[in-house]
Amino acid sequence: MRLNKTHLVLAMMAVLATGCSSTDEQDSSLLEDGTQPVADASTSGYNDGSMSGSQFGSGDGYNTGSGTGYGSGSGSNLGPEFSDPNNPLSKQTIYFELDSSQVKQEYVPVVAAHAQYLASHPDQHVILAGHADERGSSEYNIALGEQRAKSVERMMRSQGVTSIQLEIVSYGEEKPAVSGGGESAWQMNRRVEVGYQ
Amino acid sequence: MSLVIKICFVGLLASLLSVAQAEGLTIEITKGSQTAVPIAIVPFAQQGTVGDVKLSEVINSDLAGSGFFKTLPEEDMLTKPTDPESVNYRDWQALGQDYLVIGQVLGNGGNFNIQFYLSNVHNGQLLMGYKLTVGANELRRAAHHISDLIYEKLTGRKGAFNTRIAYVTSAARGNGKQYMLQVADADGYNPRTIAESPEPIMAPAWSPDASKIAYVSFHTKRSAIYVQTLATGQRESVAAYPGINGAPAFSPDGSRLAITLSKDGSPDIYVLNLATHGLTRLTSGLSIDTEPTWSPDGSTIVFTSDQGGKPQLYMMPSSGGRATRLTFQGDYNARGRFSADGKSLAMVNGSGGRYRIAIMDMASRTVNILSDGNLDESPSFAPNGSMILFAANKGGRSLLSVVSTDGAMQQKLDFHSGGVREPAWAP
């Protein structure tokens, strides 16, 4: 059987996906700090003086919903292939096993499809948002979510996506796609969401 | 506003006492201590405009919630004396009480004059008599102060009733969520929102003088660490690097923050000098290193690391150096927090798929599991070391829970709207 290029890429990515750690430096630039106290909601006297609260501005709405990520579309100028359920690009969520940041075999083609799209659209940016289920401590889960996003990032980079196109953020257990407990919810929450910007 | 007070004892007492409810908050004692000392707190006499706060109910709730006391339900009281001369100690002996608290509140316009007495029921000895004058909005604080005085007199330890806690609430709003960082009294009353965002807020940590809170906010869609001064609301971004900016912990002298950053690869522990913003890297390598916490003397940092495969607690000099493993019991130990005396370390222990709060005695390295949930996390000591506040989960909803450090008593603070997580007890 003749191996074509896609097979090779998939095989390569499967190897990369088996959890080896990359020493790649992330070369995205220092994030800008956009903090401005938007409003000061002063509260009445407490203790030895008044305590002031502040409200952060609500951003532009990326991913504030709790959609499961399947074919959720991303609003920007993405083609119809992103909403065709038969196209792997319609899947924008990659799920993981417990305590694992290894991309499962079934999601390798999904990551590959996004990687190919991004490699051929070098102006397109995505945010890879890593998530964990609610078990364990919240800051450790932030680290776990980042490992998952980095696994996806490594696979994409290996297929020619540039670091400028990719940004990683981990929400840990803070933004579950499915609320409630039990494995049925947890397996939906251990995920990386590919968010087209 | 009507206040209903309910406290449920499960275990020792199956009786329904009363229920504390305000602004959608219920305090429920889910596990009572077998060795609790019986004490009767008689409703205080009230004159003038006193308002909604019932001092005796607040004191009752404080003392019962401490685990050291078993309070007498009001309906079981034969008499309700309000001054020492009218007490018949035999009545209280017959009810099996050891101690009695009585008092009076006089409202005179803006201020309240409070008198209270603590006595030993067995010999009629007056142990304590106090007069306090407080302002209009300070009745709850006065009640907590009285609880502190009684607690210290009878246990020899300082009370922690007049302290504050910080925590993060989340509730549905529109298509998304609204996260609020709040500061409240230790019993959950008087909540104040100090920051809110449609994106997650995490990891509030108090400065040693309790004037500031460091926390993580994602409101820019990226994580960043902020330090906010409570009195003014002024907020400063202190870490907004690519990747993780997380897990802030103030050094005991308040000059530095231990934090987690992943800007150089995997998550590592750094110390951030708050005056110069200079960073010192403490850990390196491919493992996850996070959740730093300082020993009270500032010499040591304990952190979570998966360098051995699974997350376990390690300790290292805060000036840098070799890390040694601290925990060996269970397959998951994370998020260490020291007691103020440095003798105990609270942590999240995962064993057999259950995540519970455990406490390690630093001298013997003995670990005891304290809580009985499945998804308990974020332990935080009361300043007097008697209790640990943590986040628990009940039926898919997160709430705050408090357990005594001997595990004998547990109570829940149930905020009825949305979830409550990431508690931190103020020093």
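Refer to the structure printed above.
Cut-offs applied
- Residues numbered from 1 in each chain as written.
- Chains lettered and ligands numbered in written order.
- Predicted model: local features only at pLDDT ≥ 70, side-chain atom pairs only at ≥ 80, totals over all residues.
- Helix = DSSP H or I, 4+ residues; strand = E, 2+ residues; numbered from the N terminus.
- Expected span 1.5 Å × (residues − 1).
- Buried ≥ 20, exposed ≤ 12 C-beta atoms within 10 Å, placed from the backbone.
- Axes fitted to C-alpha atoms, helices over the stretch in contact; angles between N-to-C directions.
- Parallel < 35°, antiparallel > 145°, perpendicular 65-115°, else oblique.
- Left-handed = near helix turned anticlockwise from the far one by under 90°.
- Contact = placed C-beta atoms within 7 Å.
- Nonpolar A, V, L, I, M, F, W, Y, C, P; charged D, E, K, R; others polar.
- Pairing = 2+ DSSP bridges.

K.L.:
Where do I start with helix α3 (residues 138-158) of chain A in this structure?
P.N.:
An α-helix turns once every 3.6 residues. As a result, residues three or four positions apart point the same way. Residues and elements named next belong to chain A. Between the first and last C-alpha of α3 there are 30 Å, a value that for 21 residues agrees with the 30 Å anticipated at 1.5 Å per step. Counting buried positions over the 21 residues of α3 gives 19, a clear majority of the element. Downstream of α3 by a residue or two, Gly160 has a phi angle that is positive, lying close to 100°.

K.L.:
I keep staring at the packing of helix α2 (residues 108-120) of chain A against α3 of chain A and nothing clicks. Help me out?
P.N.:
A packed helix pair is summarised by two numbers, namely the angle formed by the two axes and the spacing between the axes. Residue and element names in this part refer to chain A. For the pair α2 and α3, the least separation of the axes is 9 Å and the interaxial angle reads 50°. The angle between α2 and α3 falls in the class oblique. The handedness of the crossing between α2 and α3 is right-handed. Along its contact with α2, which presents Val111, His114, Ala115 and Leu118, the element α3 presents Val152, Met155 and Met156. A breakdown of the residues in the contact of α2 with α3 according to their chemical character gives six nonpolar, one polar and no charged.

K.L.:
Sorry if this is basic, but what is going on with α2 of chain A here?
P.N.:
Between its first and last C-alpha, α2 of chain A extends 18 Å over 13 residues, near the 18 Å set by a 1.5 Å rise per residue. Of the positions making up α2 of chain A, those classed as buried are Val108, Val110, Val111, Ala112, His114, Ala115, Tyr117 and Leu118 of chain A.

K.L.:
It is not clear to me how the sheet that holds strand β18 (residues 268-273) of chain B should be interpreted in this structure. Could you clarify?
P.N.:
By definition, the strands of a sheet pair up through backbone hydrogen bonds, in either a parallel or an antiparallel sense. All names here are of chain B. The strand order across the open sheet formed by four strands is β16-β17-β18-β19, and the pairing between neighbours is antiparallel. The strands lining the two open edges of the sheet, one partner per strand, are β16 (245-250) and β19 (279-281). This sheet shows a mean twist of 30° between the axes of neighbouring strands, independent of strand direction. In this sheet, strand β17 (residues 256-261) lies alongside β16 in antiparallel orientation, the contact comprising four bridges. Bridging from a neighbouring strand, Phe250 pairs with Leu257 of β17.

K.L.:
Where do I start with the sheet that holds strand β25 (residues 344-351) of chain B in this structure?
P.N.:
Residues and elements named next belong to chain B. Taken in spatial order, the four strands line up as β24-β25-β26-β27 in an open sheet, and their pairing is antiparallel. Looking at strand neighbours, the two that pair on one side only are β24 (332-338) and β27 (366-369), the edges of this open sheet. For this sheet, the mean angle separating the axes of adjacent strands, direction not counted, is 30°. For β25 and strand β26 (residues 354-361), the ladder comprises eight bridges, and the chain directions are antiparallel. Bridge pairing links Asn349 to Arg356 in β26.

So yeah, pure geometry; function would need other evidence.
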